[in-house]
Amino acid sequence: MKEQLNSAEFADMILCAAAALNKNKQSINELNVFPVPDGDTGTNMSMTMGTAADALRRKTPGSVGAVADVTASALLRGARGNSGVILSLLFRGMARKLKGLKRANALEFALALSEGVDAAYKAVMKPAEGTILTVSKEAAAAATEFARTGTDVELTILCALEAAQDALAKTVEQNPVLARAGVIDAGGKGYVIILEAMLASLRGEISPETVSPEETETMDVHDHADFSDFGTEEINFAYDTVFIVRRTDDKPLDLLRAYLDSIGDSLVIGEDDEAFKVHVHTNTPGDALNEAQKYGILETAKIENMRTQHDDLVRAAAESEAAEPAPAPEPEPDEPVAPEKPIGIVTVCAGEGMRSLFLELGADRVVTGGQTMNPSTEDILHEIERTPAETVFVFPNNKNIILAAEQCVGLSEDRKVVVVPTKTVPQGVAAMLSLDPEADAAVLEEDFAAAAARVHTALVTYAARDSDFDGHAIHAGEYLALLDGALLGSYPEFSAVTEAVTSALDAFAPEFLSIYCGEDATEEHTEGFRNSLTDFFPEAELSVVEGGQPVYSYMISAE
């Protein structure tokens, strides 16, 4: 019998859960209702849980509460898609309940599971049963019921697992969409896999050492900048100063922020309940550190002289100039920027054509992502922090990215974040077209939402595998047509797709039509769509845009 769970055991449980999700991500993906070739629930949950595993490998927390805190913090910023965000919420609630505990007994662990469920339900605007929420709720309830009389942690998790498995089997009956497709919920399946791995880890049946970490590609690699483009004397504040202070009280940081702003620039302060982190450029780093210590205990500090760094970089560039055919272009700043204007916009899309279109329409930053790859909360927050505006509007442009975007609200230290829940890229384009730079944020939020609501979106892709949906047999390789998220049908010939989409759009009597051509669109198919829409809607204004998006050969916007 195991009556106490220690930090090492808990960390191993999470590492094993991450490995199990990675191993089973494709089987989870295959539970997607629509057989669209995208990285969906399994990929999102695996990548989200992988951020926690990476954090735990870098740090060895000494208590169960600390393990939970490290896990929750990593998941929050690494969350991808709705399933990843809900997973992060489940662990965030657990972290709150386990906070301060060196070890956890059966009841404490069960109550932590329940706290996680409460956090997830409260955060989701319209909780749907027959999903990961239901599975996790039933698991937590069973664990808590057992732990009120039993003291074995292993049996507590076993009760949670058995209840989760039963709940998962019932999801096909609870969710009408799953019932039509005849499948269990993908997110719920991922949660069951997590519990299975945790239990196996605690029993000693598996261990993190038996699984090699997944290799990942290097992301966001930039060329080196040409540092000779400006002189050392142009650096107004010499010392790049970064430090972390462990808080000793909860007094607000407003006075510290004002002081640091008066002695430097590029100020960014991030905080939570226990600590705050400061980044500032200043000529008097000692003064910055002394002032900050009025709020707590200095933990770490890094001070670098940017002027000497600049001189060294210019000298190194000059020495290697002969070997380089041309200076590399200067990369965009990758650090947070201070707000300089009232309104800014961050949008999500894939495809160079779509990216260029959003920038031309006035977007400040574009997050690369969409159906093939849902960006994480951290990815979106990174671009929010690089948007020089007091209020930043975010257009997710995909229903599976909305929840991840909403987690950014409140995470930015010095700007307000407003998420406009656009579900498709064309909705995001329509919202951008309604932008009035002179309007205030409240009016803009209403205008953006109204503009997006007027748009109906048809999507054309192909079936990645054989499937049966709502009694309709879908064969791999067939063209799929969807309208506002619902399946119109599957077709072996493309001409049937254009006819189906055109006929379906007739219900909306569109005045404006746009065809966004994907990376695998052909001239013949594009012309077919253009002719079909023009013949059917001769009074409508039609435009064709080379979007270059993956997955969807065509996105058709009607309003």
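Residues numbered from 1 in each chain as written. Predicted model: local features only at pLDDT ≥ 70, side-chain atom pairs only at ≥ 80, totals over all residues. Heavy atoms only, no water.

## Thoughts on the overall build of the protein chain
Counting secondary structure elements, the protein chain contains 19 helices and 16 strands. Sequence-distant contacts in the protein chain: of pairs separated by 6 or more residues, those separated by 24 or more amount to 72%. A total of about 26300 Å² of accessible surface is found on the protein chain, and carbon and sulfur atoms cover 50% of it. (Helix = DSSP H or I, 4+ residues; strand = E, 2+ residues; numbered from the N terminus. Contact = heavy atoms within 4.5 Å. Areas by Shrake-Rupley, 256 points an atom, 1.4 Å probe, with all protein chains shown as cover.)

## Some thoughts on the side chain of Thr 131
On the secondary structure map, Thr 131 appears in the loop between helix H5 (106–123) and helix H6 (132–147). In this structure, Thr 131 is in contact with Thr 171, Asn 175 and Asp 185, ignoring residues within four places of it in sequence.

## Observations regarding the packing of helix H18 (residues 494–505) against helix H19 (residues 523–536)
Their axes nearest at 10 Å, the elements H18 and H19 cross at an angle of 30 degrees. It follows from the interaxial angle that H18 and H19 lie roughly parallel. Where H18 crosses over H19, the handedness of that crossing is right-handed. Between H18 and H19, the residues in contact are Phe 494, Val 497, Thr 498, Val 501, Thr 502 and Leu 505 and His 525, Gly 528, Phe 529, Ser 532, Leu 533 and Phe 536, respectively. A per-class count over the contact of H18 with H19 returns seven nonpolar, five polar and no charged. (Axes fitted to C-alpha atoms, helices over the stretch in contact; angles between N-to-C directions. Parallel < 35°, antiparallel > 145°, perpendicular 65-115°, else oblique. Left-handed = near helix turned anticlockwise from the far one by under 90°. Nonpolar A, V, L, I, M, F, W, Y, C, P; charged D, E, K, R; others polar.)

## What about the confidence of the model for the protein chain?
The predicted model of the protein chain has a mean per-residue pLDDT of 83, with 84% of residues at 70 or higher. Every residue in residues 212–232 scores below 50 in pLDDT, and together they form 25 contacts with partners more than four places removed in sequence or on other chains. (pLDDT = per-residue confidence, 0-100.)

## Thoughts on the nonpolar core
The biggest cluster of nonpolar side chains holds 73 residues, and the ones touching the most others in it are Phe 10, Ile 14 and Met 49. In terms of residue count, helix H1 (residues 7–29) provides more of this core than any other element does, eleven residues in total. Excluding residues that lie within four positions of it along the chain, Phe 10 makes contacts with Leu 5, Val 64, Val 67, Ala 68, Met 94, Leu 98 and Phe 109. Counting 30 residues, the second-largest nonpolar core is a separate cluster that includes Ile 343, Val 366, Val 425 and Ala 439. (Core = buried A, V, L, I, M, F, W, Y, C linked by side-chain atoms within 4.5 Å. Buried < 20%, exposed > 50% of the residue type's maximum accessible area, 1.4 Å probe, protein only.)

## Here we look at the sheet that holds strand E5 (residues 341–349)
Strand pairing within a sheet occurs via backbone hydrogen bonds; the two strands may be parallel or antiparallel. Read across the open sheet, the four strands follow the order E6-E5-E7-E8; overall the sheet is parallel. The sheet terminates laterally at strand E6 (365–368) and strand E8 (416–419), the two strands that pair on one side only. Sheet twist, expressed as the mean angle between neighbouring strand axes with direction ignored, is 20 degrees. Summarising the sheet, E5 and strand E7 (residues 389–395) pair through six bridges and their orientation is parallel. Across the sheet, the residue bridging to Ile 345 is Phe 393, located in E7. The sheet strands contacting helix H14 (residues 377–385) are E5, E6, E7 and E8, and the helix crosses E6 at an angle near 165 degrees. (Pairing = 2+ DSSP bridges.)

## Digging into the pattern of salt bridges
One pass over the full model with this rule turns up 13 salt bridges. Note that Arg 415 is salt-bridged to Glu 385, the shortest N-O span being 3.7 Å. Residue Arg 415 is located in the loop between helix H15 (402–406) and E8, and its partner Glu 385 is located in helix H14; the two are separated by 30 residues in the primary sequence. Classification of Glu 385 as buried rests on a relative accessible area of 13%. In this structure, Glu 527 engages Arg 530 in a salt bridge whose closest nitrogen and oxygen atoms are separated by 3.5 Å. Of the two residues, Glu 527 and Arg 530 both sit in helix H19, three residues apart, roughly one turn of that helix. In this structure Arg 530 comes out as partly exposed when scored by relative accessible area, which is 33%. (Salt bridge = Lys/Arg side-chain N within 4 Å of Asp/Glu carboxyl O.)

## Examining the packing of H1 against helix H9 (residues 186–202)
Their axes nearest at 8 Å, the elements H1 and H9 cross at an angle of 140 degrees. Here H1 is positioned oblique relative to H9, judged by the angle of their axes. Between H1 and H9 the crossing geometry is right-handed. In this structure, H1 contributes Glu 9, Asp 12, Met 13, Ile 14, Cys 16, Ala 17, Ala 20, Leu 21, Asn 24 and Ile 28 to the contact, and H9 contributes Ala 186, Lys 189, Gly 190, Ile 193, Ile 194, Ala 197, Met 198, Ser 201 and Leu 202. Its residues assigned to classes, the contact of H1 with H9 comprises 13 nonpolar, three polar and three charged.

## Side note on the pairing of strand E13 (residues 486–491)
Sheet analysis places strand E12 (residues 479–483) next to E13, joined by five bridges and oriented antiparallel. Within the sheet, the bridge partner assigned to Leu 482 lies in E13 and is Leu 487. The antiparallel pairing of E12 with E13 creates a hairpin that spans two residues between the two strands, and Asp 484 there sits at a positive phi of about 50 degrees.

## Structural notes on empty space enclosed by the protein
Within the structure shown, the criterion is met by two cavities of 30 Å³ or more. Residue lining of the largest cavity: Leu 90, Phe 91, Met 94, Phe 109, Leu 113, Gly 116, Tyr 191, Ile 194, Leu 195 and Met 198, and that is the complete set. For the lining of the largest cavity, the secondary-structure elements that each account for two or more residues are helix H4 (81–98), H5 and H9. Sorting elements by how many residues they give to the lining of the largest cavity places H9 first, with four residues. (1 Å grid on protein atoms, 1.4 Å probe; cavity = no way out; pocket = protein on both sides within 12 Å on 5 of 7 lines; lining within 4 Å. Points joined across faces, edges and corners; volume = space filled by probe spheres on them.)

## A look at the packing of aromatic side chains
Enumeration over the complete set of coordinates arrives at eight aromatic pairs. Residues Phe 494 and Tyr 554 carry aromatic rings whose centres are separated by 5.7 Å and whose planes lie at 55 degrees to one another, so their mutual orientation is tilted. Taken together, the positions of Phe 494 in helix H18 and Tyr 554 in strand E16 (residues 554–558) put the pair 60 residues apart, joining distant regions of the chain. Each member of the pair, Phe 494 as well as Tyr 554, is classed as buried. Within the aromatic cluster, the residues linked to one another by ring pairs are Tyr 479, Phe 494, Phe 529 and Tyr 554. For Lys 251, the ring lying beneath its charged end belongs to Tyr 295, and the centroid distance is 4.5 Å. (Phe/Tyr/Trp six-rings, centres within 6.5 Å; stacked < 30°, edge-to-face > 60°. Lys NZ or Arg CZ within 6 Å of the ring centre and 35° of its normal.)

## Some points on the sheet that holds E13
Across the sheet, six strands lie side by side as E13-E12-E9-E16-E14-E15; this open sheet has mixed pairing. Strands with a single pairing partner mark the edges of an open sheet, and in this sheet they are E13 and strand E15 (541–546). Going across the sheet, the axis of each strand differs from the next one's by a mean of 15 degrees, ignoring polarity. By the bridge criterion, six bridges tie strand E14 (residues 512–517) to E15 in an arrangement that is parallel. What sits directly across from Leu 513, in E15, is Leu 542.

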